[in-house]
Amino acid sequence: MKLCMIGTGYVGLVSGVCFSDLGNDVICVDKDKRKINGLKKGIIPIYEPGLKELVLKNYNNKRLKFSTDLEDSIKKSDVIFLCVGTPTKKNGNGADLSQIFSAAKEISKSINKFKIIITKSTVPVTTGDEIEKILSKKVKKNKFSVVSNPEFLREGEAIRDFVYPDRVVIGSNDKKSKMILKNLYAPLISKGAKFISTNRRASELIKYAANAFLATKITFINEIANLCEKTNIDVEDISIGIGLDKRIGSRFLRAGPAYGGSCFPKDTKAIITTADKFRTDLSVIKSVIKSNSLRSKLLLKKISEILNQRIKNKKICFLGVTFKANTDDMRDSSSLEMIPYLSKNGAKIKYYDPTGIKKEFDKIKNVSFSKSISYAVKDSDLVILHTEWNDFKSINFKKLSTSKNLKIYDMRNIFSPDKIKAQGFKYFGIGR
Ligand code: NAD
């Protein structure tokens, strides 16, 4: 099949390259010329394990192309995926759909034969209806079909998630388009992915409901962790104890910092805005957002307690600053709230992240990037394990630290408290 991905970010690039690997001809389009020129030279704009190899393989065999020419790419394709960003509006909590609508306008100018236009971006209920209206202004209704096909991949596991999804959701009232897409996904369905066919609005809501539910699970265990800290219980025991119940499930049940990333914060806010539009009160999700927004403040209060209320001039090391491991994505990472706060209160901060220096901290006083774990840890008073990269799991603090009074705040509970204590250091975890 001839496919066009509009937007070559985490979702457009990963799904585009995976579709090409399944034998389709794919053009990944982006308006960012630097990104596209880089990709043509084999420069991958994001950190995602396995992505570079797959891009090079499919670019070299010419099934995968990169372009900034939207009009030409649309004309050459039968199926067009919208993979542009849907961030939170600058003034408000709803999804900013300007990228979606401007791409839809561009598409409407270039439809030369029947096209299926698919929202792979996460879009609020009724967005498909709006896209249909935009297209109808320029194109006859029998020349296009607007379908919803939300993407569930996780950064850091994106290729695996795309190739082995739990389910493929297609939302459309048009049988012909559904069959074409079922055919496109047939190689994944034959490997065990469930195919779910709904109307368009249901498919749009499935994505938001899924993200809101996962955000709720994380927030739930984070609050239970707060109780564990007060009652001398290890929250890890609770995660295992309830997670083994098949009705609950163990995933997304690890206590830690506030959830962040490019999806949960914006999608929980957007579903509330949609519900408000339809005069429905999503009180559970509202309380999740509130709890999560207070979480970084709670952990900062704990940091202050660990340092005996003396943050000024303390040398603090952050291990990992991205919102989770195996990605370079900084969007809504809790480190973006914690590091500026600690800097403002006089701490001297070094951070190490396997994906390198972050421009987000360029202008923050007394914050520097360390090129190695050992340099970051060396003379610190407090090490904060912020992101659970494998690189950090077997650090020997005794070898690296020059301070006898080093304190370790393990925000992901990856270290054994007993082992750290045996090395002579003070250990603090989450909910333990
Ligand atoms: P991103 O910001 O990484 O990429 C979006 C790309 O679209 C950018 O490169 C931008 O330049 C390009 N773009 C915008 N308007 C364009 C236009 N008119 N023509 C061509 N290119 C255009 O975004 P992302 O993280 O890939 O997310 C895309 C969508 O997928 C969002 O709705 C997001 O919620 C959803 N989603 C993201 C993930 C994830 O893990 N990142 C997972 C599932 C779903």
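See the structure shown above.
Rules of the game
- Residues numbered from 1 in each chain as written.
- Predicted model: local features only at pLDDT ≥ 70, side-chain atom pairs only at ≥ 80, totals over all residues.
- Heavy atoms only, no water.
- Helix = DSSP H or I, 4+ residues; strand = E, 2+ residues; numbered from the N terminus.
- Rg over C-alpha atoms; globule rule 2.2 N^0.38 Å.
- Buried < 20%, exposed > 50% of the residue type's maximum accessible area, 1.4 Å probe, protein only.
- Contact = heavy atoms within 4.5 Å.
- Arc of directions from axis to C-beta.
- Core = buried A, V, L, I, M, F, W, Y, C linked by side-chain atoms within 4.5 Å.
- Salt bridge = Lys/Arg side-chain N within 4 Å of Asp/Glu carboxyl O.
- Near = heavy atom within 4 Å.
- Polar contact = N/O pair within 3.5 Å; in protein donor to acceptor, adjacent residues only side chain to side chain.
- Areas by Shrake-Rupley, 256 points an atom, 1.4 Å probe, with all protein chains shown as cover.
- Axes fitted to C-alpha atoms, helices over the stretch in contact; angles between N-to-C directions.
- Left-handed = near helix turned anticlockwise from the far one by under 90°.
- Nonpolar A, V, L, I, M, F, W, Y, C, P; charged D, E, K, R; others polar.
- Expected span 1.5 Å × (residues − 1).
- Bend = angle between axes of the 7 residues up to and from the residue.
- Pairing = 2+ DSSP bridges.
- Phe/Tyr/Trp six-rings, centres within 6.5 Å; stacked < 30°, edge-to-face > 60°.

Chemist: I would appreciate a short explanation of the overall build of the chain in the present structure.
Modeler: Scanning the chain from N- to C-terminus turns up 17 helices and 14 strands. Relative to the globule expectation of 22 Å for 432 residues, the C-alpha radius of gyration of the chain, 23 Å, shows essentially globular dimensions. Summarising its shape, the C-alpha atoms of the chain cover approximately 75 × 50 × 40 Å along the three principal directions. Going through the 432 residues of the chain one by one, you find that 52% of them count as buried. Once local pairs closer than 6 in sequence are excluded, the contacts in the chain between residues at least 24 apart make up 71%.

Chemist: Explanation requested: helix 2 (residues 33-40) in the structure shown.
Modeler: Each turn of an α-helix holds 3.6 residues, which means side chains three or four residues apart point in the same direction. Buried residues of helix 2: Ile36, Gly38 and Leu39, and no others. With its buried residues spanning 160° around the axis, helix 2 presents them on a single face. In helix 2, those exposed residues whose orientation departs by more than 90 degrees from the buried face are Lys33 and Arg34. Where helix 2 ends, the next residue or the one after it, Gly42, has phi of about 85°, a positive value.

Chemist: Would you mind showing me how to read the nonpolar core here?
Modeler: What tends to happen in soluble globular proteins is that the nonpolar side chains get buried as a cluster. Among the nonpolar cores identified, the biggest contains 37 residues, and Cys18, Phe19, Leu51, Val55, Phe66, Phe81 and Tyr185 are the most heavily contacted of them. With six residues, the top contributor of residues to this core is helix 1 (residues 10-21). Beyond its immediate stretch of four places on either side in the chain, Cys18 contacts Leu54, Ile159, Phe162 and Val163. Among the nonpolar cores identified, the runner-up in size contains 30 residues, and Val29, Ala104, Ile107 and Ile271 belong to it.

Chemist: How should I be thinking about the pattern of salt bridges in this particular structure?
Modeler: Two side chains of opposite charge can pair, provided their charged atoms sit close to one another. Taken as a whole, this structure holds 25 salt bridges when the rule is applied. Note that Asp281 and Lys286 form a salt bridge whose closest N and O atoms lie 2.7 Å from each other. Taken together, the shared-partner salt bridges connect Asp129, Glu132, Arg200 and Arg201 into one network.

Chemist: When you look at the site of the ligand in this model, what are you seeing that I'm missing?
Modeler: Residues in contact with the ligand amount to 24 residues; listed here are only the nearest, Asp30, Lys35, Thr86, Glu155 and Lys266. In the model, an oxygen atom of the ligand is placed 2.5 Å from a nitrogen or oxygen of the Lys35 side chain. Between the ligand and Ser262 there is a distance of 3.2 Å, counted from a nitrogen atom to a side-chain nitrogen or oxygen. Out of a free accessible area of 840 Å², the ligand has 90% covered by protein chains.

Chemist: I keep staring at the packing of helix 12 (residues 264-277) against helix 13 (residues 283-306) and nothing clicks. Help me out?
Modeler: The axes of two packed helices give the description: the angle between them and the distance between them. Contact geometry of helix 12 with helix 13 gives a least axis separation of 10 Å together with a crossing angle of 145°. As for the relative orientation of helix 12 and helix 13, their crossing is left-handed in sense. Along the contact surface, helix 12 presents Thr268, Lys269, Ile271, Ile272 and Asp276, while helix 13 presents Ile285, Lys286 and Ile289. Split by residue class, the contact of helix 12 with helix 13 holds four nonpolar, one polar and three charged.

Chemist: Would you mind going over the side chain of Ser333 with me for this structure?
Modeler: With respect to the secondary-structure elements, Ser333 resides in the loop between strand 9 (315-319) and helix 14 (335-344). Given a relative accessible area of 4%, Ser333 falls into the buried group. What Ser333 contacts, discounting residues up to four positions off in sequence, is Gly261, Val321, Thr322, Phe323 and His386.

Chemist: Is there a simple way to explain helix 13 in this structure?
Modeler: Across its 24 residues, helix 13 extends 34 Å between first and last C-alpha, which sits within 8% of the 34 Å expected from 1.5 Å per residue. Of all the bends found along helix 13, the most pronounced is centred on Arg295 and spans about 30°. Where helix 13 is concerned, the buried positions are Ile285, Val288, Ser291, Asn292, Arg295, Ser296, Leu299, Leu300, Lys302, Ile303, Ser304 and Ile306. In this fold, the buried residues of helix 13 make contact with helix 10 (200-231), helix 12, helix 14, strand 12 (382-385), strand 13 (407-410) and strand 14 (426-429).

Chemist: Even after reading the chapter, I still don't get the sheet that holds strand 11 (residues 367-369), so can you show me in this structure?
Modeler: Note: strands within a sheet are paired through backbone hydrogen bonds, in either parallel or antiparallel orientation. With parallel pairing, the six strands of this open sheet are ordered in space as 11-10-9-12-13-14. Edge positions in the sheet fall to strand 11 and strand 14, since each has one partner strand and no second. Each adjacent strand pair in this sheet contributes to an overall mean axis angle of 20°, direction not counted. On top of the sheet, helix 14 reaches strand 9, strand 10 (348-352) and strand 11; it is set at about 170° to strand 9, its chief contact.

Chemist: Explanation requested: the side chain of Ser291 in the structure shown.
Modeler: For Ser291, the location among the structural elements is in helix 13. Residue classification places Ser291 among the buried residues on the basis of a relative accessible area of 16%. Within polar-contact distance, the side chain of Ser291 engages the side chain of Glu223 at 2.7 Å. When residues no more than four places from it in sequence are discounted, the contact partners of Ser291 are Thr219 and Glu223.

Chemist: For this particular structure, what's the right way to read the environment of Lys363?
Modeler: Within the fold, Lys363 resides in the loop between strand 10 and strand 11. Take Lys363: its relative accessible area is 82%, and that puts it in the exposed class. With 20 residues separating them in the primary sequence, Lys363 and Ser343 have C-alpha atoms 11 Å apart.

Chemist: What should I look at first to understand the packing of aromatic side chains in this one?
Modeler: The relative placement of two aromatic rings is captured by the distance of their centres and the angle of their planes. Going through the model one piece at a time under the given rule, you end up with 13 aromatic pairs. On the basis of an interplanar angle of 55° and a centroid distance of 6.2 Å, the ring pair of Phe252 and Phe264 is categorised as tilted. Placement of Phe252 in the loop between helix 11 (235-243) and helix 12 and of Phe264 in helix 12 is noted, with a sequence separation of 12 residues between them. Residue Phe252 is classed as partly exposed on the basis of its relative accessible area of 28%. By way of ring pairs, the aromatic residues Tyr351, Tyr352, Phe361, Phe369 and Phe392 are connected into one cluster.

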